[in-house]
Structures are given as C-alpha cells and as structure tokens.
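# Examination of the molecular architecture
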Amino acid sequence: MAELDDVIHQPLRLRIMAALNALPSSVGLEFSRLKKLTGATDGNLGAHIETLAKAGYVRVDKAFVGKKPQTTVTASAAGRGAFARHVATLQEIIAGGEGEK
Amino acid sequence: MIDSKEAQAALADINEMVARVRQSRIYDIASQIMIVAGVMVVAGNIASYVAPRYSTYIWISINVLNVIAAAVISVLSYRRTGVRAFDYRVLSAFLLFFGFGILCISVLGHFGWREMSVFWPTYFMLFYCLAGLWFGRAFLTIGLSITVLTLVGHFFIGGALFLLWMAAVNGGGLILSGFWMRWGE
C-alpha cells in the first residue's frame with residue numbers, strides 16, 4: 001500500500017489542497033476566501049500555505065488590486081498529483097479496513 | 001499509518017471542502033447577477049410608475065437586458081471561478097421560463113398590470129426557492145422573503161404606489177441579497 005503524504009495529511013493542509021483541487025488548474029483562491037472556506041486564522045493559514053509552497057504543491061502569487069495587496073494560492077501540477085495519490089491511498093485504507101471486517 | 005475510520009473522516013473532510021468551494025463559486029456568480037438584476041428591477045418599477053403607458057416595453061427591455069447581463073457576467077467570471085454558469089441549457093431554461101409565464105398571463109389568465117407585477121416576481125422567486133434546495137439555503141431565504149413581501153404589498157398597498165413598493169422589496173431585496181451572499185460567501 002502507498003504511503004500517505006505527510007505534507008498533505010495535516011488536517012488544515014488537507015482542506016487547503018481539497019479546496020484548491022476542486023478548481024480548474026489555472027484558477028486559484030484568494031487568501032481571504034481560503035481563510036473563510038477553511039475556517040483558519042491568518043497566521044495558521046499563512047504558515048500551512050508556506051509549508052505547501054515549500055513542497056512545491058502550491059504557487060503563491062501576490063499582487064495589488066487597487067491599493068490592496070491580494071495573495072492568490074493555486075495548486076501546482078505536482079500538488080494536484082500528490083493530492084490525487086493521497087486520496088487514492090485513503091480509499092485503499094478504507095477498502096482494506098472494510099475487507100478486514 | 002492511519003486506520004480506516006480516520007481515512008473516512010479525512011475523505012469526508014475533503015468532500016465537505018469541495019462542496020463549500022462549489023457553493024462559494026455559485027454564490028459568487030449568482031450574487032453579481034442578483035445585484036445587476038436588482039438595479040434593473042428598481043429602474044423598471046420606477047419607470048413603470050412614471051410612465052405606465054410604456055410598461056410593457058419597459059419590462060420586455062428589462063428582461064432581455066437581464067438575460068444578456070447574466071450571460072456576460074457568467075462568461076467574464078469563468079476565468080476567475082472556473083464555473084461555466086451560462087450555456088445553451090440556461091438560455092433554454094430562460095426561454096421556457098418566459099414562455100410559460102407569457103402563456104399564464106396572456107392566454108390563460110389575461111392578467112392586468114397589478115397581477116403581472118405580482119406574478120413575475122413570485123414566479124422568479126419560485127425558482128430561487130427551488131435552486132435553494134440544491135445550491136444553498138441563501139437562495140431559499142431570498143426567494144421566500146421576496147415572495148412574502150410581494151404578497152404583503154399586493155394585499156395591503158393600493159394603486160400605483162405598489163410599483164414603488166415592488167421597486168424596494170423586489171429590486172432592493174435582490175441588491176441587498178446579492179451583497180449578503182457576497183459577504184457570506
């Protein structure tokens with residue numbers, strides 16, 4: 001059985017990746033929207049996005065919309081692949097667990 | 001390694017996030033369409049109040065503009081949201097919607113201006129309520145609220161003042177609801 005991805009498995013990072021993966025590959029989510037969707041605090045969300053970015057799973061783009069800074073987070077191809085493998089592993093674990101019953 | 005219960009919980013978490021993102025995208029587009037529609041409904045009711053003789057042309061123009069605005073907003077939003085909200089099926093739904101409405105008011109019912117002023121908003125809001133069963137309670141709340149306020153006006157506000165009431169509760173209601181949806185998105 002494949003191993004779970006330690007970077008993705010943390011609950012908040014899993015939620016971030018699930019949210020980003022639900023969008024088309026070229027579409028990202030603004031930091032403020034991601035915060036609302038995940039229910040995380042600014043600091044916590046920022047730290048976990050950094051971990052995902054260091055692993056190459058997300059791309060972080062910063063731009064100014066008018067005078068306001070806006071951070072957009074987008075899942076990378078590597079991130080999407082890792083997330084798909086992670087989900088497949090979770091499904092294998094569930095199937096294995098049901099097989100043991 | 002985790003056990004199957006923890007794996008199920010993780011998958012449930014993923015599914016919940018996917019549903020939230022989907023709802024957020026739908027609310028994003030719907031709220032923009034509602035704000036634009038609300039502004040047009042306010043304008044349509046005030047114009048009908050000021051120039052009742054032209055109200056048929058006013059409302060035909062407002063409805064055509066509303067469909068065009070919905071199409072433009074959906075196309076412009078596609079790159080940002082990834083949701084394709086306007087296609088031939090949505091256009092067909094609009095045509096069926098207006099076709100059935102016209103059948104009711106002109107062929108079956110021979111409605112006067114007041115009945116039409118009640119029929120179209122409540123007919124629209126019926127679809128908001130139905131949409132609420134699939135796409136989120138906000139649609140249901142908005143649909144029911146505007147329907148109730150429309151009926152309150154119909155039964156308690158006499159004469160052409162009813163059009164101003166409709167500008168406030170239907171047009172204003174759509175604008176406020178659009179902002180409420182954006183805020184809660």
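Residues numbered from 1 in each chain as written. Chains lettered and ligands numbered in written order. Predicted model: local features only at pLDDT ≥ 70, side-chain atom pairs only at ≥ 80, totals over all residues. Heavy atoms only, no water.

## Quick look at the overall build of chain A
Summing up its helical and strand segments, chain A has five helices and three strands in all. Sequence-ordered secondary structure for chain A, helices as α and strands as β, is α-α-β-α-α-β-β-α. Dimensions of chain A, computed from the C-alpha atoms along their principal axes, are close to 60 × 25 × 20 Å. Considering only residue pairs separated by 6 or more positions, chain A has 58% of its internal contacts joining residues 24 or more positions apart. Summed over its atoms, the accessible surface of chain A is roughly 5,300 Å², and 53% of this surface lies on carbon and sulfur atoms. (Helix = DSSP H or I, 4+ residues; strand = E, 2+ residues; numbered from the N terminus. Contact = heavy atoms within 4.5 Å. Areas by Shrake-Rupley, 256 points an atom, 1.4 Å probe, with all protein chains shown as cover.)

## Description of the pattern of salt bridges
Across all of its chains, the model carries nine salt bridges over all chains by this definition. Ionic pairing is found between Lys54 of chain A and Glu50 of chain A, a salt bridge with its closest N-O pair at 3.8 Å. A residue pair is termed a helical-turn pair when its members lie 3 or 4 positions apart in one helix, as Lys54 of chain A and Glu50 of chain A do in helix α4 (residues 42-54) at four residues. Residue classification places Lys54 of chain A among the exposed positions, given a relative accessible area of 70%. The partly exposed category is assigned to Glu50 of chain A, whose relative accessible area is 47%. Residues joined by salt bridges that share partners form a network here, namely Glu30 and Arg33 of chain A together with Asp28 and Arg182 of chain B. (Salt bridge = Lys/Arg side-chain N within 4 Å of Asp/Glu carboxyl O. Buried < 20%, exposed > 50% of the residue type's maximum accessible area, 1.4 Å probe, protein only.)

## As for the nonpolar core
In terms of nonpolar packing, the biggest core is built from 35 residues, with Ile16, Leu34, Phe83 and Leu90 of chain A together with Ile14 of chain B touching the most fellow members. At the level of elements, α2 (11-21), α3 (31-38), α4, β3 (68-75) and α5 (77-100) of chain A together with α1 (4-50) of chain B are the ones that each hand at least two residues to this core. For this core, the element with the most residues is α2 of chain A, which contributes seven residues. Beyond its immediate sequence surroundings of up to four residues, Leu90 of chain A is in contact with Leu4 of chain A together with Ile2, Ala7, Ala10, Leu11 and Ile14 of chain B. (Core = buried A, V, L, I, M, F, W, Y, C linked by side-chain atoms within 4.5 Å.)

## Some details on the sheet that holds strand β1 (residues 29-30) of chain A
Residues and elements named next belong to chain A. Strand order in the open sheet made by the three strands is β1-β3-β2, with antiparallel pairing throughout. Edge positions in the sheet fall to β1 and β2 (58-65), since each has one partner strand and no second. Across two bridges, β1 lies against β3 in antiparallel orientation. Paired with Glu30 across the two strands is Thr72, which belongs to β3. (Pairing = 2+ DSSP bridges.)

## Side note on the environment of Pro121 of chain B
On the secondary structure map, Pro121 of chain B appears in helix α4 (residues 113-135). Taking the C-alpha atoms as reference points, Pro121 of chain B and Val41 of chain B, 80 residues apart in sequence, are found 9.6 Å from one another.

## Some thoughts on helix α3 (residues 88-108) of chain B
Residue and element names in this part refer to chain B. Here α3 is 21 residues long and its end C-alpha atoms lie 28 Å apart, about the 30 Å a rise of 1.5 Å per residue gives. Among all positions in α3, only Phe97, Phe98, Gly101, Cys104 and Ile105 are buried. Considering only its buried residues, α3 is in contact with α2 (55-81) and α4. Where α3 terminates, the next one or two residues include His110, which has phi positive at roughly 50°. (Expected span 1.5 Å × (residues − 1).)

## Quick look at the interface of chain A and chain B
Each side of the interface is counted separately: chain A has 27 residues, and chain B has 24 residues. Around 2,100 Å² of area is buried between chain A and chain B when both sides are counted, 70% of it from carbon and sulfur atoms. One can count two salt bridges joining chain A with chain B. When the shortest N-O distance is used, the salt bridge between Asp28 of chain B and Arg33 of chain A registers 3.6 Å. Linking chain A with chain B are two residue pairs in polar contact (both at pLDDT 80 or more), by the criterion used here. (Buried area = accessible area lost by both parts, 1.4 Å probe. Polar contact = N/O pair within 3.5 Å; in protein donor to acceptor, adjacent residues only side chain to side chain.)

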